[in-house]
Amino acid sequence: MSLVAEAFVSQIAGKVPFIHVGNQVVSELGPIVQFVKAKGHSLSDGLGEVQKAEMKAYMELVNNMLLTAELYLQWCDEATVGEITHARYGSPYPWPLNHILAYQKQWEVKRKMKAIGWGKKTLDQVLEDVDQCCQALSQRLGTQPYFFNKQPTELDALVFGHLYTILTTQLTNDELSEKVKNYSNLLAFCRRIEQHYFEDRGKGRLS
C-alpha cells in the first residue's frame, strides 16, 4: 500500500474513541454504543425514558460546545496551530505528507466552523461557551458521583473523554483547562473515573 493510501486509511480509521474486537475496529462513541448495545449491553438500561431524553440532550450540548471548542482551539487558534497542532498531527507521516495532511485537516475544520457559525468567533467567545457548558454540566452533576446518581452512563463516558482531554492536552496556554478547573465537582468527577477505571495504568495524570 502506498504512503498516501496508508495515510487515508489511518485518517478514516483513526477516530477516537475506538474499540478493537477480533478483526473489527469500531470508532467514535455513537457507533461504539450501538455496537455494544447489539451485544446485549447498555450503560443506560437503568434509566427511564425521561432520563434517557435528558441524557441525550446533555450529550448534544457536549458535542456542540466542548467538541467544537476543542477543534477551534487546535485548528483555528493560530498560535496553537503553528506551535503544536501541525507538528503533532503530522508526526506519524513522512515529509511532505505530514504537511499536506495537516493543512488539509485545518481546511476541513475551518470550513466546518464557518458552516456552524463559529468562523468569526473570537477566542474569548469560545472560552465563554465552554464556561457555560461546564456550568450546566456542573449543576447537573451536583454532589452525585455520576450524572445519573451511582452508575455511569454514556453521558459520563462522553463528558470524561472531553474534560480529560482538555485537562491533559498541551496547548499554548491554560485558558481552556482553567475553565474546567473552575468547577471542582467536574474535576473530582474526572479524577474519580480515572482512578476507578484506569488505575492499572499507574499514577493518574490528574492526581
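Quick notes on the rules
Residues numbered from 1 in each chain as written. Predicted model: local features only at pLDDT ≥ 70, side-chain atom pairs only at ≥ 80, totals over all residues. Heavy atoms only, no water. UniProt positions renumbered as here; feature names shortened; annotations may be inferred. Phe/Tyr/Trp six-rings, centres within 6.5 Å; stacked < 30°, edge-to-face > 60°. Helix = DSSP H or I, 4+ residues; strand = E, 2+ residues; numbered from the N terminus. Buried < 20%, exposed > 50% of the residue type's maximum accessible area, 1.4 Å probe, protein only. Lys NZ or Arg CZ within 6 Å of the ring centre and 35° of its normal. Expected span 1.5 Å × (residues − 1). Salt bridge = Lys/Arg side-chain N within 4 Å of Asp/Glu carboxyl O.

By the naming in an unreviewed UniProt entry, the chain is Metaxin-2, taken from Papio anubis. On record in UniProt, under Subcellular location (unreviewed entry), the comment for the chain is "Mitochondrion outer membrane". Its UniProt record, at the heading Sequence similarities (unreviewed entry), says of the chain: "Belongs to the metaxin family."

Observations concerning the packing of aromatic side chains
The description of an aromatic ring pair rests on the distance of the ring centres and on the angle between the ring planes. Inspection of every chain in the model, using the stated rule, returns four aromatic pairs. Ring plane angle 85 degrees and centroid distance 5.2 Å describe the contact between tryptophan 75 and tyrosine 89, whose orientation is recorded as edge-to-face. Pair noted here: tryptophan 75 is in helix α3 (residues 49-75) and tyrosine 89 is in helix α4 (residues 78-90), with a separation of 14 residues, a long-range link. For tryptophan 75, a relative accessible area of 3% puts it in the buried group. Taking 5.2 Å as the distance between ring centres and 35 degrees as the angle between the ring planes, the aromatic pair formed by phenylalanine 160 and tyrosine 164 counts as tilted. Highlighted residues: phenylalanine 160 and tyrosine 164, both in helix α7 (residues 154-168), separated by four residues, approximately one helical turn. Site record: aromatic cluster; members linked through ring pairs are Phe160, Tyr164 and Phe198. The aromatic ring of phenylalanine 148 is capped on one face by arginine 140, whose charged end is 4.5 Å from the ring centroid.

Points about α7
For α7, built from 15 residues, the straight-helix expectation of 21 Å at 1.5 Å per residue is met to within 8% by its first-to-last C-alpha distance of 21 Å. Most of α7 sits out of view: 12 of its 15 residues are buried. Among the residues making up α7, those that are buried are Glu154, Leu155, Asp156, Leu158, Val159, Phe160, His162, Leu163, Tyr164, Ile166, Leu167 and Thr168.

Section: the environment of leucine 176
Its place among the elements puts leucine 176 in helix α8 (residues 175-181). Placed 10 residues apart in sequence, leucine 176 and isoleucine 166 show a C-alpha to C-alpha distance of 6.9 Å.

Points about the pattern of salt bridges
Taken as a whole and assessed by the stated rule, the structure comprises four salt bridges. With a shortest N-O distance of 2.7 Å, glutamate 54 and arginine 140 are connected by a salt bridge. Residue glutamate 54 is located in helix α3, and its partner arginine 140 is located in helix α6 (residues 123-141); the two are separated by 86 residues in the primary sequence. Using a relative accessible area of 27% as the deciding quantity, one classes glutamate 54 as partly exposed. According to the relative accessible area criterion, arginine 140 is buried, its value standing at 18%. Glutamate 78 serves as the salt-bridge partner of lysine 110, at 3.3 Å between the closest nitrogen and oxygen. Note that lysine 110 is positioned in helix α5 (residues 97-115) and glutamate 78 in helix α4, a separation of 32 residues in sequence. Classification of lysine 110 by relative accessible area gives partly exposed; the value is 32%.

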